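One-letter residues, chain by chain:
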Amino acid sequence: MNPNSYSNSTDAEHHVQLGLAQTLCEAAGTGVDAALTREILDQLVAYSDVHFLSEQLLMRLCGYPDYDDHMSDHDRLMTKLEAAKQYGDGAQTITASEAETILALLAQHISTKDRRFVDFFRGWSQHTANAGSP
Ligand SMILES: [Fe+2]
Ligand SMILES: [Fe+2]
């Protein structure tokens, strides 16, 4: 696999992650279907968990210097998501404003720390590809 395709799939994963968070806001905003809201939240939590792990693997692969700081951000986001899921147990589910907070935190992470990492990874991939060519 071309290393550059990893960064393209990371971008695609961010679209999915933000799409799920946006859908969560819409579902929580209508407030009519708590089960549906919980289901979307479950999907967002599961997707984010897998995405964060795959991003961290790429960071280790390229020796990303801000690994620890970036990983702490992932941990904070997962704690927030898991807490929202706990609250969503039973008859209740998260409020629209909590869903908005989650969307904003994810969008902020993607537009800052993930942007920096994807840029670094692209440069590393380019360098690696050039080093490998005759
Ligand atoms: Fe990240
Ligand atoms: Fe990410």
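Anyway, here's the lowdown on the structure attached to this text.

Basis of the calculations
- Residues numbered from 1 in each chain as written.
- Chains lettered and ligands numbered in written order.
- Predicted model: local features only at pLDDT ≥ 70, side-chain atom pairs only at ≥ 80, totals over all residues.
- Axes fitted to C-alpha atoms, helices over the stretch in contact; angles between N-to-C directions.
- Helix = DSSP H or I, 4+ residues; strand = E, 2+ residues; numbered from the N terminus.
- Parallel < 35°, antiparallel > 145°, perpendicular 65-115°, else oblique.
- Left-handed = near helix turned anticlockwise from the far one by under 90°.
- Contact = placed C-beta atoms within 7 Å.
- Nonpolar A, V, L, I, M, F, W, Y, C, P; charged D, E, K, R; others polar.

Topic: the packing of helix α3 (residues 67–87) against helix α4 (residues 96–132)
- Put simply, α3 and α4 touch, their axes get as near as 11 Å, and they point 165° apart. The orientation of α3 relative to α4 falls into the category roughly antiparallel. At the point where α3 passes α4, the crossing takes the left-handed sense. Here His70, Asp73, Leu77, Lys80, Leu81 and Ala84 of α3 lie close against α4, whose contacting residues are Glu98, Ile102, Leu105, Leu106, His109, Lys113 and Phe117.
- Looking at the contact of α3 with α4 residue by residue, the classes come out as 7 nonpolar, 2 polar and 4 charged.

Examining the packing of helix α2 (residues 34–61) against α3
- Viewed as axis vectors pointing N to C, α2 and α3 meet at an angle of 170°, and their least axial separation amounts to 10 Å. Classified by the interaxial angle, the pair formed by α2 and α3 is roughly antiparallel. Here Leu41, Asp42, Leu44, Val45, Ser48, Asp49, Phe52, Gln56, Met59 and Arg60 of α2 lie close against α3, whose contacting residues are Tyr67, His70, Met71, His74, Leu77, Met78, Leu81, Glu82, Ala84 and Lys85.
- Its residues placed into classes, the contact of α2 with α3 shows 11 nonpolar, 4 polar and 5 charged.

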